[in-house]
Amino acid sequence: MNKRKIILNLCTSLDSYIEGQNGEIDWCFTDQDYGMTEFLNQIDAIFFGRKSYEQLVREMPNAFSDKRKVVFSKTLNSNDSNLKIISENFEKEVIKIINSEGKDIWLFGGASLVTDMINANLVDELMISIHPLILGSGKPLFIDIQNRRKLKLIDNKTFSSGLVQLLYKVEEK
């Protein structure tokens with residue numbers, strides 16, 4: 001059995017922000033598929049921080065209904081049977097999940113969860129879609145990363161909108 005990969009897949013502005021200064025993501029392109037159909041077929045679970053999960057539920061309540069959702073939160077409560085909440089021992093719980101049967105896992109965000117996952121050496125690949133705009137301020141893609149990570153470019157795609165998508169493999173930790 002192969003270990004499931006955790007793939008960080010998100011959008012950034014050219015100046016590496018994942019949200020505008022007011023938390024807005026309305027600048028993310030939705031005019032094309034940008035490889036998302038293929039990506040969604042590759043995964044069967046999504047990792048969320050609480051704020052990202054609540055934003056998804058608020059803005060797109062029926063999105064990803066065929067995927068298992070895992071939320072990392074000490075405060076969220078839910079009766080949703082397709083939702084797992086991890087509130088402690090996150091590394092141990094993630095290792096159990098990646099060693100279980102299934103497809104790859106989408107690390108959706110937010111920034112704190114991304115930081116924790118990268119610092120724990122749990123992210124295998126990064127699929128970053130760089131949008132051709134400069135936000136000037138907002139929430140940066142990476143904050144508080146403890147150690148240098150060497151990446152290997154696996155693939156890159158350019159789209160007619162000017163969006164550039166980069167796929168990196170995290171080299172051995």
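Located above this text is the structure these notes cover.
Residues numbered from 1 in each chain as written. Predicted model: local features only at pLDDT ≥ 70, side-chain atom pairs only at ≥ 80, totals over all residues. Heavy atoms only, no water.

Enquirer: Would you explain helix 4 (residues 111–119) in this entry?
Expert: In an α-helix, one turn spans 3.6 residues, which is why side chains three or four residues apart end up on the same side. Taken across its nine residues, helix 4 has seven buried, putting it largely inside the fold. Along helix 4, the positions that sit buried rather than exposed are Ala111, Leu113, Val114, Thr115, Met117, Ile118 and Asn119. A positive phi of about 60 degrees marks Asn121, the residue just after helix 4. (Buried < 20%, exposed > 50% of the residue type's maximum accessible area, 1.4 Å probe, protein only. Helix = DSSP H or I, 4+ residues; strand = E, 2+ residues; numbered from the N terminus.)

Enquirer: For this particular structure, what's the right way to read the layout of surface pockets?
Expert: Sizing a probe to match a water molecule and rolling it over the atoms shows the empty space that remains. In this structure, the largest pocket encloses a volume near 1400 Å³. Forming the boundary of the largest pocket are 45 residues, of which Ile25, Ser52, Gln55, Phe108 and Gly109 lie nearest the centre. Put simply, the parts of the chain that give the lining of the largest pocket at least two residues each are strand 1 (6–13), strand 2 (17–19), helix 1 (36–42), helix 2 (50–59), strand 6 (104–109), helix 4 and strand 7 (125–131). It is helix 2 that contributes the most residues to the lining of the largest pocket, six residues altogether. Grouping the constituent residues of the lining of the largest pocket by class yields 20 nonpolar, 16 polar and nine charged. (1 Å grid on protein atoms, 1.4 Å probe; cavity = no way out; pocket = protein on both sides within 12 Å on 5 of 7 lines; lining within 4 Å. Points joined across faces, edges and corners; volume = space filled by probe spheres on them. Nonpolar A, V, L, I, M, F, W, Y, C, P; charged D, E, K, R; others polar.)

Enquirer: Explanation requested: the environment of Pro140 in the structure shown.
Expert: Position of Pro140 relative to the elements: it lies in strand 8 (residues 139–140). Classification of Pro140 by relative accessible area gives partly exposed; the value is 29%. Between the C-alpha atom of Pro140 and that of Ala111, which follows or precedes it by 29 residues, the distance is 7.9 Å. When near neighbours in sequence (up to four residues on either side) are disregarded, Pro140 contacts Ser16, Tyr17, Ile18 and Ala111. (Contact = heavy atoms within 4.5 Å.)

Enquirer: Whenever I open this one, the nonpolar core confuses me. Can you help?
Expert: Buried together is how nonpolar side chains tend to be arranged in soluble globular proteins. Residues Ile6, Leu8, Phe47, Val94, Leu107, Met117 and Val123 are the most contacted members of the largest nonpolar core, which totals 26 residues. Looking at this core, the elements that each hand over two or more residues are strand 1, strand 3 (43–49), strand 4 (68–72), helix 3 (90–98), strand 6, helix 4 and strand 7. Here this core takes five residues from helix 4, the largest share from any one element. Dropping the residues within four chain positions of it, Leu8 is found in contact with Leu107, Val114, Val123, Glu125, Leu126, Met127, Ile128 and Phe142. One finds Ile7, Ile43, Leu76 and Leu167 within the second-largest nonpolar core, a separate group that totals 16 residues. (Core = buried A, V, L, I, M, F, W, Y, C linked by side-chain atoms within 4.5 Å.)

Enquirer: Hey, could you run me through unusual backbone geometry in this one?
Expert: Most peptide bonds take the trans configuration, and most residues that are not glycine carry a negative phi. Looking along the chain, the bond that leaves Gly109 and enters Gly110 is cis, with omega of 10 degrees. By the secondary structure assignment, Gly110 is in the loop between strand 6 and helix 4. Notably, Tyr34 is not glycine yet its phi reads approximately 50 degrees, a positive angle. Along the chain, Tyr34 turns up in the loop between strand 2 and helix 1. In this structure Tyr34 comes out as buried when scored by relative accessible area, which is 8%. Phi angles above zero are rare outside glycine, and Phe64 is one such case at about 55 degrees. Residue class for Phe64 comes out buried when judged on its relative accessible area of 17%.

Just distances and angles here, no functional claims.
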